[in-house]
Amino acid sequence: MKTDRKPVTIEEAIERIVSRSSPGKAITVSLEKADFLHLAEDIVADHHVPMFDRSMYDGFAVKAADTQQAEPDAPKRLRVIESIPAGKEAQGSLQSGTAMRIMTGAAIPPGADAVLMLEDVREGNDEDGSYIEVTSPVSPGSHISHRGEDITAGMVLAKIGRRIGSGEKAVLATFGYHQVKVYQPPEVAILATGSELLPVDAPLVPGKIRNSNSYMVETQLRRMGAVPKPLGIIKDDFEACYQAVTTALEEADFVVTTGGASVGDYDFVQALIERLDAEVLFNKVAMRPGSVTTVAKKGEKWLFGLSGNPAACFVGVELFVRPVLKKAMGAQHLHLPQISATLAVDITTTNPYTRLMRARTELHQGQLVVRPVGLDKSSIISGLLEANSLLMIPGGEQTYHRGEKVNVIWLEEEGMCHGSTARS
Ligand SMILES: Nc1nc2c(c(=O)[nH]1)N[C@H]1C(S)=C(S)[C@@H](COP(=O)(O)OP(=O)(O)OC[C@H]3O[C@@H](n4cnc5c(N)ncnc54)[C@H](O)[C@@H]3O)O[C@H]1N2
Ligand code: MOO
Ligand SMILES: [Mg+2]
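Just so it is clear, the structure is predicted and the values come from calculations on it, not from any experiment.

Undergrad: Is there a simple way to think about the site of ligand 1 in this case?
TA: As a structural note, the neighbourhood of ligand 1 is formed by 23 residues, with E196, N211, A261, S262 and G308 the closest of them. Contacts to ligand 1 include E196, whose side-chain N or O atom sits 2.6 Å from an oxygen atom. Within the contact set of ligand 1, an oxygen atom lies 3.0 Å away from a backbone nitrogen or oxygen of S262. Notes on ligand 1: free accessible area 880 Å², of which the protein chains cover 69%. Broken down by secondary-structure element, the contributors of at least two residues to the shell around ligand 1 are β13 (187-193) and β15 (209-210). A class-by-class count of the residues in the shell around ligand 1 yields 6 nonpolar, 13 polar and 4 charged.

Written out as structure tokens, the structure is:
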């Protein structure tokens, strides 16, 4: 059966899917389970950090004024009247002429306004107990971390939609969020279609290959914060594929198939969609790899018919599955960051479609430089090992020269700026 397949641009394809996707529901999870999910609530500071003036060093809390005349030849002697470990408050307050031994993180005692490091004083004992000798003046505020200097109460620290990474975890824990409201991570069924596919633990036989797409897609999904549900390998049999996709659509809101997306005798994705009576958002994209990508909706459920070719499948996940899942996860940023980098080599294109070449972008003498890795064929797996980015070459007949600026999709959510403000 022949389906009409008119290619849309990448931008148009993305616009079609993003406009049809929506945020999922918010749930509460324990802080331990919140990694890489997106906040469903703003995080607002309900107290200052630090809550109290505290010592930045192990040393002695003093009155700065007591040290003003101190010199190496005329040291100022201060009587040590108390010792304050972290977690304890001083029992008394500090009077002129006295000092309190204090450890890093301990609250500055009333009356003190500076801390001297252990290394900077001479310690001694006499019949009245212990004392220190100060040999140079210290300024008020020295070595004290002041109340509220890090975070002031009322500050919005992280807005709804922000991805929870290590920094967010530190802040959440600081403010006692043992539980946090996040968007539910979506479950995504993965079906690998192809009679040539063997399970990963099977020995190779002539004409067959191992199913690598499922594993690759699983990892891509997990990195996005989604929950992959691999449903195994389906033979290139229309009824078997139809049954498998129907069951998958019952079990998950998002279904990814790999293979069978093209026009071959055993490529059933188009026929499946027709039989399912699903709405096709697009079934061809003016890009390489991944031109045969199809995205369809059956009611509120999503079906992504990705190419069987590994590189095309990889790109399909990052470009089209990602924004739908990210929107479901309430994310601030639906797409991978795009950056500008300098070409390390000449690239000539004769392809009418936009090329997304697996590439490596690295810093060289302060400049981001990009070079393609591996063969630029959609069947290639090895290039995925080295690629940290996708080099975007617009369609047409043209040579892009070494040294020219090109657009690059960075294949990590973190590490390159989305252009957002530090605290968004
Ligand atoms: N006459 C035409 N032939 C093809 C066209 C076309 O326009 N006209 N498009 C080509 C393009 S572009 C692509 S991309 C591929 C898409 O292929 P399918 O999505 O139909 O996938 P399959 O035919 O099932 O497999 C293609 C290739 O990928 C291997 N494969 C499949 N599944 C896996 C897996 N799970 N793990 C690893 N490798 C897998 C499979 O063995 C094939 O080698 O079609 C072109 N053909
Ligand atoms: O869709 Mo194919 O991946 O363009 O090579
Ligand atoms: Mg095929």
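So that's the structure; there's more coming.
Undergrad: In this structure, what is going on with the packing of aromatic side chains? I would like to understand it.
TA: Centre distance and the angle of the planes are the two values used to describe a pair of aromatic rings. For the coordinates displayed, the defined rule picks out 4 aromatic pairs. Centre to centre, the rings of W302 and F304 are 5.9 Å apart; their planes meet at 10°, and the pair counts as stacked. Each of the two residues, W302 as well as F304, counts as buried. Members of the aromatic cluster, connected to one another through ring pairs, are F238, Y242 and F268.

Undergrad: Even after reading the chapter, I still don't get the layout of surface pockets, so can you show me in this structure?
TA: Empty space among the atoms becomes visible once a probe the size of a water molecule is rolled across them. As a volume, the largest pocket reaches approximately 470 Å³. Listed by contribution, the elements that provide at least two residues to the lining of the largest pocket are α3 (213-224), α6 (310-328) and α7 (383-386). Considering each element in turn, the lining of the largest pocket owes the most residues, 4 residues, to α3. Of the residues belonging to the lining of the largest pocket, the class tally is 9 nonpolar, 3 polar and 7 charged.

Undergrad: Would you take a moment to explain the coordination of the magnesium ion (ligand 3) for this structure?
TA: Each pair of donors in an ideal four-coordinate tetrahedral metal site encloses 109.5 degrees, whereas pairs in an ideal six-coordinate octahedral site enclose 90 or 180 degrees. Protein-derived coordination of the magnesium ion (ligand 3) comes from D267 (OD) and D267 (OD), at a distance range of 2.3 to 2.4 Å. Note on placement: D267 falls in the loop between β17 (254-258) and α5 (269-276).

Undergrad: Help me understand the pairing of strand β20 (residues 294-298), please; the structure alone is not making it clear to me.
TA: Taken residue by residue, a regular strand's side chains alternate between the two faces of the sheet. Of all 5 residues in β20, 4 are buried, a share of seventy percent or more. Note: strand β18 (residues 279-282) against β20, 3 bridges, orientation antiparallel. When the sheet's bridge partners are listed, F282 is paired in β20 with V295. In terms of strand pairing, β20 meets strand β21 (residues 301-306) through 5 bridges, oriented antiparallel. If you follow T294 over to β21, its bridge partner there is G305. Taking the residues between adjacent antiparallel strands as the criterion, β20 and β21 are bridged by 2 residues, where G299 takes a positive phi near 60°.

Rules behind the numbers
Counting from 1, residues in each chain are numbered in the order their sequence is written. The lettering of chains begins at A and the numbering of ligands begins at 1, in the order of writing. For a predicted model such as this one, the threshold for reporting local features is a pLDDT of at least 70, and the threshold for listing and counting side-chain atom pairs is 80 or more; totals across whole chains, interfaces and linings nevertheless cover every residue. Side-chain metrics rest on all non-hydrogen atoms present in the structure, leaving aside hydrogens and water. Here, proximity means that at least one heavy atom of the residue falls within 4 Å of the molecule or strand. We call two N or O atoms a polar contact when they sit within 3.5 Å, provided that within protein one can donate a hydrogen and the other can accept it, with sequence-adjacent residues counted only if both atoms are side-chain atoms. Per-residue and other accessible areas follow the Shrake-Rupley method at a 1.4 Å probe size, with only the shown protein chains counted as cover for residues. Every helix listed is a DSSP run of H or I at least four residues long, and every strand listed is a run of E at least two residues long, numbered separately from the N terminus. Following the grouping adopted for this structure description, the nonpolar residues are Ala, Val, Leu, Ile, Met, Phe, Trp, Tyr, Cys and Pro, the charged ones are Asp, Glu, Lys and Arg, and the polar ones are all others, Gly among them. Stacked, tilted and edge-to-face pairs are distinguished by plane angle, under 30 degrees for stacked and over 60 for edge-to-face with tilted covering the rest, among Phe, Tyr and Trp rings (Trp via its six-membered ring) whose centres lie within 6.5 Å. Think of it in three bands: residues with accessible area under 20% of the maximum for their type are buried, residues over 50% are exposed, and the middle band is partly exposed, with areas taken using a 1.4 Å probe on protein chains only. Detection works on a 1 Å grid of protein atoms alone, calling trapped sets that fit a 1.4 Å probe cavities and calling open sets with protein on both sides within 12 Å along at least five of seven lines pockets, with lining residues defined by an atom within 4 Å of a point. Grid points are joined across faces, edges and corners, and a volume is the space filled by probe spheres set on the points. A donor here means any N, O or S atom no more than 2.8 Å from the metal (3.2 Å for Na, K and Ca); water is not included, so a site may seem to lack partners. By the convention used here, strands pair only if DSSP detects at least 2 bridges between them.

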